[in-house]
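Below, each chain spelled out in residue letters.
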2 protein chains.
Amino acid sequence: MLAAAETLLAGTTSPAAVSMDEIAAAAGVGKGTLFRAFGSRDGLLDAVFASRLDPLRQELNRPGSPVGPDVPAADRLVGVLLLLLDFKLDNPRLTTAREMNGTALLQAPHYRWVHRLLQDLVAKTGRTADSADVAAHLLLGALRVEVITELQAAGMTREQLGRYLEDVVHRLVGPDEH
Amino acid sequence: MLAAAETLLAGTTSPAAVSMDEIAAAAGVGKGTLFRAFGSRDGLLDAVFASRLDPLRQELNRPGSPVGPDVPAADRLVGVLLLLLDFKLDNPRLTTAREMNGTALLQAPHYRWVHRLLQDLVAKTGRTADSADVAAHLLLGALRVEVITELQAAGMTREQLGRYLEDVVHRLVGPDEH
DNA sequence: AGAATTACGGACCATGAGTCCAGATGACGC
DNA sequence: GCGTCATCTGGACTCATGGTCCGTAATTCT
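Residues numbered from 1 in each chain as written. Chains lettered and ligands numbered in written order. Predicted model: local features only at pLDDT ≥ 70, side-chain atom pairs only at ≥ 80, totals over all residues. Heavy atoms only, no water.

Caption draft 1: Examining the interface of chain B and chain A more closely. Every contact between the two is made by 30 residues of chain B and, on the other side, 30 residues of chain A. Around 2,600 Å² of area is buried between chain B and chain A when both sides are counted, 55% of it from carbon and sulfur atoms. It is Arg144(B), Glu150(B) and Arg171(B) in chain B that bury the most area against chain A; as a group they hold 25% of the surface buried on that side. Across the contact surface, chain B and chain A share four salt bridges. (Contact = heavy atoms within 4.5 Å. Buried area = accessible area lost by both parts, 1.4 Å probe. Salt bridge = Lys/Arg side-chain N within 4 Å of Asp/Glu carboxyl O.)

Encoded structure:
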């Protein structure tokens, strides 16, 4: 089912228009089964998302990786963000489906997870928890598909996007001043 | 009709659940009329938004106002953002209705308008047009209802939000470095 | 093998955006 | 004042979609 959903989402220009009926049909399964397994459309989307995000999670835990647990916070932060950028560039439809679907994005499990990670990393660069909280939201805001898409449409390349992201990080994560 | 829509939106905790039927009924008008006047749900929402935003627009054009056309860009920028913050704090439901309704927020007329304004102001503080474009998106990202709501829920007061916003501006709008 | 429990699928329901047309309302000429 | 024509209006209707429900099939247990 996850695979079917993923394929369908990737193959349309308007992921919001992919219905649960279609996904069920494509997965060769009844609608009831789909809902029993995932609870709701959001649940399904989250599950697809989680499965896609898994390699990234692994990479973050693998000691020795360029974004592994031992890397200094500042570098790791940049690394993670660039990885997320790549993820969004590689899975635009899926991300769109999740980010543009009305329901509270900030409550979604993967958002909370990434936010937490970023918050910790930012905090380690010398900011209070509160201020790191805010900064993490801002960094994630900078990565919204809508924004990225818009910038791409305006002619920015992947590399330029990466550079702009790094710039944002540097501006945003300096130590508190007051 | 605008007034009816506004009232209904303000009076519910889940603005997404306010239907066009309800609005039509509350306005004492047929659904057909509603759609003829605004084209679609989005159109109506935009219209309500625009009407609410009008005083703010006026203030921006009034010479002598603290955010008027003659104020130095850096100050004006902060002023405008604080005004927008106030607006969102004062109209949380309306803003939620518009920001959380799936359809491309960045294409909405008011978003484009504010973005343009911010971009110009940022550019005047010594950044290239491209970089100002990005910065403007980030600033608006910092003002998303979802984020603001979350921070409020975490216990931040209006004043703290204002201060955090100012901090973001200062971090974000310095001159380009590379 | 037969009973009991669980899982399945797709018909069914509820809701809400957007359409459409029969009739009301108003403008205009006589 | 009245008939005709054009325009506008309201709400019944269509259609799409998320989510539920239940008869039946599969599976497990004895």
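So, next bit.
Caption draft 2: Spotlight on the packing of aromatic side chains. Scanning the entire structure with this criterion turns up two aromatic pairs over all chains. Cation over ring: Arg57(A) sits above Trp113(A), and NZ or CZ is 4.3 Å from the ring centre. (Phe/Tyr/Trp six-rings, centres within 6.5 Å; stacked < 30°, edge-to-face > 60°. Lys NZ or Arg CZ within 6 Å of the ring centre and 35° of its normal.)

Caption draft 3: Fine view of the protein's contact with DNA strand C. Inspection of the region around DNA strand C gives 14 residues, with Gly32(A), Thr33(A), Met20(B), Lys31(B) and Arg41(B) positioned closest. Per the 4 Å cut-off to the protein, sugar and phosphate atoms form 45% of the nearby atoms of DNA strand C. Arg36(A) places a side-chain nitrogen or oxygen 3.4 Å from a base oxygen of DNA strand C. For the surface near DNA strand C, the secondary structure elements donating two or more residues are helix H3 (31-38) of chain A together with helix H3 (31-38) of chain B. With four residues, H3(A) is the single largest residue contributor to the surface near DNA strand C. (Near = heavy atom within 4 Å. Polar contact = N/O pair within 3.5 Å; in protein donor to acceptor, adjacent residues only side chain to side chain. Helix = DSSP H or I, 4+ residues; strand = E, 2+ residues; numbered from the N terminus.)

Caption draft 4: Broad picture of the protein's contact with DNA strand D. Around DNA strand D, a shell composed of 13 residues is seen, among which Met20(A), Lys31(A), Arg41(A), Gly32(B) and Thr33(B) lie nearest. Near the protein, within 4 Å, the atoms of DNA strand D are sugar or phosphate in 42% of cases. At 2.4 Å from a base oxygen of DNA strand D is found a side-chain nitrogen or oxygen belonging to Lys31(A). In the model, a base nitrogen of DNA strand D is placed 3.3 Å from a nitrogen or oxygen of the Lys31(B) main chain. Elements that contribute at least two residues to the surface near DNA strand D include exactly H3 of chain A together with H3 of chain B. No other element matches H3(B), which puts four residues into the surface near DNA strand D. Residue composition of the surface near DNA strand D, by class: three nonpolar, six polar and four charged. (Nonpolar A, V, L, I, M, F, W, Y, C, P; charged D, E, K, R; others polar.)

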